[in-house]
Amino acid sequence: MKRTHTCGELRKSDVGQTVTLAGWVQNRRDHGGLMFIDLRDRYGLTQIVFDTARPEVLKLGHEVRAEWVLQVAGKVLARPGDMVNPKMATGEIELEVDAFNVLSRSIALPFEVDDYAKVGEEARMTYRYLDLRRPRMQKNLAARHRVVHAIRETMARHGFLEIETPILAKSTPEGARDYLVPSRVHWGRYYALPQSPQLFKQLCMIGGLDRYYQIARCFRDEDLRADRQPEFTQLDLEMSFADQEDVFLVCEDAMKAAFGAGIGVDLAMPFPRMSYADAMAKYGCDKPDLRFGLELSEVTDLAAAAEFKVFRAAVAQGGIVKGIVIPGGESFSRRDLDVELLDIAKPYGAKGLAWVKIGSDGAYAGAPVKFFGKEQLDAIAARLRAKPGDAMAFSADQPRVVNAGLAAVRNFLGQAKLGLAKPDDFKFVWITEFPAFEWSLEDKRWQSAHHPFTSIHPDDVDIMLSAGLDADSGLDRVRSAAYDLVLNGTETASGSVRIHDPQLQRKVFQALGVAPDQIKERFGFFTDALRYGTPPHAGIAPGIDRIVAMMLGYDNIREVIAFPKNAKAVDLMSDAPGNVDAKQLGELGVKNVEKPE
Ligand code: ASP
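As the structure is a prediction and not an experimental result, all values here were calculated from the model. (Residues numbered from 1 in each chain as written. Predicted model: local features only at pLDDT ≥ 70, side-chain atom pairs only at ≥ 80, totals over all residues. Heavy atoms only, no water.)

Enquirer: What is the right way to read the environment of A407 from this model?
Expert: As for its position among the elements, A407 is in helix α12 (residues 399–417). On a C-alpha basis, the gap between A407 and K282 in space is 9.2 Å, while along the polypeptide they are 125 residues apart. (Helix = DSSP H or I, 4+ residues; strand = E, 2+ residues; numbered from the N terminus.)

Here you go:
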């Protein structure tokens, strides 16, 4: 007796049929004589009726409990008019039981399997298999499946080959720590789990495969934030004889297919573009949320002209002054401005935020006002496009502090405080012309802003070749050929045109302070390969977990990963990472030592 239908399938047109369903007992409403069960599977719910006319079946039915697995045979009946449930796809029918089998019983549950039960994170993760039964999780994973499927179709249409690359690999530099796997056969040697398939995909291009993609698992041993996972999935792609434009086109097509299949949203294409320099100037960050305006304006020239000490001092020390308009901010309280907004900017180093309100009559109010003439304030308000009824907030400090602080304030205003950002609005933007190098204060050396295989902006190759290696060498002025795809203020993909000239690759390693013997040891196989006829190539890697989470309206990618780890990188269900017995460690030549204090 196999199931003939799923629990989400029967309609009024099926009335009179004899069918068999199988599924889990969602709930049981026992009215003594009459009893109902909602039977659930991935496809939906069907109401099952146990009738008094069959006392022996009803008697067995009384024993059934939540989450038992049943197979139920019976007849499809039309529900009486007042019992029709328009909210349920199967709400016009019910199944009258002739006979049923208990396929499996459930012990008492740690929580109710429905979308309404309030279940703590820890219980959800410990009993993930029960959490997965909830309709919401089933919908999330089904949406993820549709997204990945649509992406695969798009990539195939563009001529990409899906190619698997090794998980047991050698370290690839994406700036995080590696997960290491000790080798049993080669004592003292380790595989690294790939932080991304970066080198392999470039080697695919050298290997003449022309267009590669993979739904690739990446592993990064980072200090975790709430929304990060030690392993995550990227749509990793690489294409030969291609430049930025080719990558953008394919990637936009993949995103369009993903949003269409995932949530039925038709994205407008092409996505807008913005240089890194413009993004920093207008939004103070390289991941602007473009669902709302509130652009930042630099007012250093106007601010420095007045006697206001805070502004003057900052400018005298090489700082800048930038402002943001707060629409309707005249009604903000002192607490809103002096506490709430400042608290947002403080973690980025801001020591204060100056503000000026503009009354409905155009009169200015706020601490800086008495130091400025009316025309000066008018000029500042004009630059910020502030009007009567608004307020303006200013930060004066080093550019890094001003930009980061005001970017956070802008996001807070647009997203939480003023509610200008709508959750079902999806605003993609390409950010281009990133700096190639960043000075690491910690390591006192230059680091790649993206990764060391990223090409240099053609206009800046000469600066790069002549620049020195110290902190003030001007390497930070060198732009790369890297790009990011940003969605609603979140980075969803990074990529670049790659270096295909072994000479330039050597120079970049040199700038990064990687010694020649280190290059040979770590990437020798790759720099060797570059010398055998490498096609120009470029690629990108959108994060699948993040994109699916965002389209479904979740902040946390755990909601779209079947078996995620918690914020401490622990799988609470299996308790990984686990202990290993001494014999196994011995075979690997590995010995645990006491953790230092
Ligand atoms: N490997 C890069 C990353 O994981 C993506 C790329 O450059 O294609 O961010």
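Enquirer: How do you make sense of the site of the ligand when you look at a structure like this?
Expert: The environment of the ligand is made up of 14 residues, and the closest members are E174, Q198, K201, H450 and R498. In this structure, S196 approaches the ligand through a side-chain N or O atom, which is 3.1 Å from a nitrogen atom. Measuring from an oxygen atom of the ligand, one finds a side-chain N or O atom of H451 at 2.9 Å. Considered on its own, the ligand offers 270 Å² of accessible surface; in the complex 95% of this is hidden by protein. In terms of residues, the shell around the ligand owes the most to one element, strand β22 (residues 537–542), which gives 3 residues. Of the residues contributing to the shell around the ligand, the split by class is 2 nonpolar, 8 polar and 4 charged. (Near = heavy atom within 4 Å. Polar contact = N/O pair within 3.5 Å; in protein donor to acceptor, adjacent residues only side chain to side chain. Areas by Shrake-Rupley, 256 points an atom, 1.4 Å probe, with all protein chains shown as cover. Nonpolar A, V, L, I, M, F, W, Y, C, P; charged D, E, K, R; others polar.)

Enquirer: Explain the pairing of strand β18 (residues 437–440) to me, please; I cannot follow it from the model alone.
Expert: Where a strand is regular, its side chains alternate between the two sheet faces. Pairing of β18 with strand β19 (residues 445–448), which is carried by 4 bridges, proceeds in the antiparallel orientation. Among the inter-strand pairings, F437 is bridged to a residue of β19, identified as S448. (Pairing = 2+ DSSP bridges.)

Enquirer: What should I look at first to understand the nonpolar core in this one?
Expert: Here is a general trend for soluble globular proteins: nonpolar side chains tend to be buried in one another's company. If you look at the biggest cluster of nonpolar residues, it comprises 46 residues, and the most contacted ones within it are F311, M392 and F394. Sorting the residues of this core by element identifies α8 (300–304), α9 (309–316), β13 (320–326), α10 (334–345), β14 (354–358), α11 (374–384), β16 (391–397) and α12 as the ones contributing at least two each. The biggest single contributor to this core is α12, with 6 residues. Excluding residues that lie within four positions of it along the chain, M392 makes contacts with I324, A354, W355, V356, I358, Y364, I380, A381, L384 and A386. Core analysis: the next-biggest nonpolar cluster, separate from the first, contains 39 residues, A493, V548, M550 and M551 among them. (Core = buried A, V, L, I, M, F, W, Y, C linked by side-chain atoms within 4.5 Å. Buried < 20%, exposed > 50% of the residue type's maximum accessible area, 1.4 Å probe, protein only. Contact = heavy atoms within 4.5 Å.)

Treat this as a map of the structure, not an account of what it does.
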